Amino acid sequence: MFTSSFESFVFTRTAAGHILGGVCQRLEVWSNCVWAIVVANGKKLCRFISKKRFLAFFAESRKQRSHAITVTQNVFNPRLFTARSASDENKTYSLTVHDRFLSCSCEDFSNQCKLIPEGKPKACKHVYAVLKFMGYQSLSAYVNRKWDINFRF
């Protein structure tokens, strides 16, 4: 039972299966945790997962998938980047670096903008690829960086 579109986007049976190491047959989102029935090694298990762990998986899975993405910076405007899909070289996505966030033209980022509440961080695998290109290990490291008055893109 989901209370919002955001929850149905983040808290999925597929993600629960990855986190718990099996196939998730049932998933319920409660106020502070997620309850799942998972089949692992032929056994049916009932498990609780904290929402915090689920959200960490949401971000980490995108970080992992970002490693194969090729990033190029625009020569004329250093705030603009292009991310090229690892699986389809004809697919590219446009990214823009802002002072406190990055934006991307992909569907995942667009869905996050629609579903994740205003003011909450949003990052697709392309955003993580650009962050890595710029030398940041995480979105929070970029957002919370020390401001250097001489810093220029």
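Parameters at a glance
- Residues numbered from 1 in each chain as written.
- Predicted model: local features only at pLDDT ≥ 70, side-chain atom pairs only at ≥ 80, totals over all residues.
- Heavy atoms only, no water.
- Pairing = 2+ DSSP bridges.
- Helix = DSSP H or I, 4+ residues; strand = E, 2+ residues; numbered from the N terminus.
- Axes fitted to C-alpha atoms, helices over the stretch in contact; angles between N-to-C directions.
- Buried < 20%, exposed > 50% of the residue type's maximum accessible area, 1.4 Å probe, protein only.
- Polar contact = N/O pair within 3.5 Å; in protein donor to acceptor, adjacent residues only side chain to side chain.
- Contact = heavy atoms within 4.5 Å.
- Phe/Tyr/Trp six-rings, centres within 6.5 Å; stacked < 30°, edge-to-face > 60°.
- Lys NZ or Arg CZ within 6 Å of the ring centre and 35° of its normal.

A.B. asks: Now, about the sheet that holds strand β5 (residues 80-84): what can you tell me, with residues and values included?
C.D. replies: Ordered by their spatial adjacency, 4 strands build an open sheet running β4-β5-β6-β7, and the pairing between neighbours is antiparallel. Each edge of the sheet is formed by a strand with only one pairing partner; in this case those strands are β4 (70-73) and β7 (102-104). The mean inter-strand angle of the sheet, taken between neighbouring strand axes irrespective of direction, is 25 degrees. For β5 and strand β6 (residues 92-97), the ladder comprises 5 bridges, and the chain directions are antiparallel.

A.B. asks: Go over the side chain of S138, please, and point to the residues and values.
C.D. replies: Position of S138 relative to the elements: it lies in the loop between α5 (125-134) and α6 (139-143). The exposure class assigned to S138 is buried, which follows from its relative accessible area of 16%. In terms of polar contacts, S138 uses its side chain to reach the side chain of S140, at 3.1 Å. If near-sequence neighbours (up to four positions away) are discounted, S138 is found in contact with K63 and L131.

A.B. asks: Which residues make up the pairing of β6, and what are the values?
C.D. replies: Burial along β6 is one-sided: the residues Y93, L95 and V97 are buried and none of T92, S94 and T96 is. Here β6 runs beside β7; their pairing, made up of 3 bridges, is antiparallel. By the bridge assignment for β7, L95 is matched with C104. Between β6 and the antiparallel strand that follows it, β7, lie 4 residues.

A.B. asks: Now, about the sheet that holds strand β2 (residues 33-40): what can you tell me, with residues and values included?
C.D. replies: Pairing between sheet strands relies on hydrogen bonds along the backbone, with the strands arranged either parallel or antiparallel. The sheet built from 3 strands is open, its strands ordered β1-β2-β3 with antiparallel pairing. Among the strands making up the open sheet, the edge pair consists of β1 (23-29) and β3 (43-50). Across the sheet, the axes of successive neighbouring strands diverge by a mean angle of 20 degrees, strand direction being ignored. Bridge analysis of β2 against β3 gives 8 bridges, and the strand direction is antiparallel.

A.B. asks: Could you give an account of the packing of aromatic side chains, with specific residues and numbers?
C.D. replies: Scanning the entire structure with this criterion turns up 6 aromatic pairs. Between W30 and W35, the aromatic rings sit 6.3 Å apart at their centres with planes inclined by 5 degrees, giving stacked as the arrangement. With centroids separated by 5.7 Å and ring planes inclined at 75 degrees, the aromatic side chains of F81 and F133 adopt a geometry described as edge-to-face. Residue F81 is located in strand β5, and its partner F133 is located in helix α5; the two are separated by 52 residues in the primary sequence. F133 gets classed as partly exposed once you look at its relative accessible area, which sits at 44%. Taken together, the aromatic side chains of W30, W35 and F48 make up a single cluster linked through ring pairs. One residue, R62, lies across the ring of F58, its end atom 3.9 Å from the ring centre.

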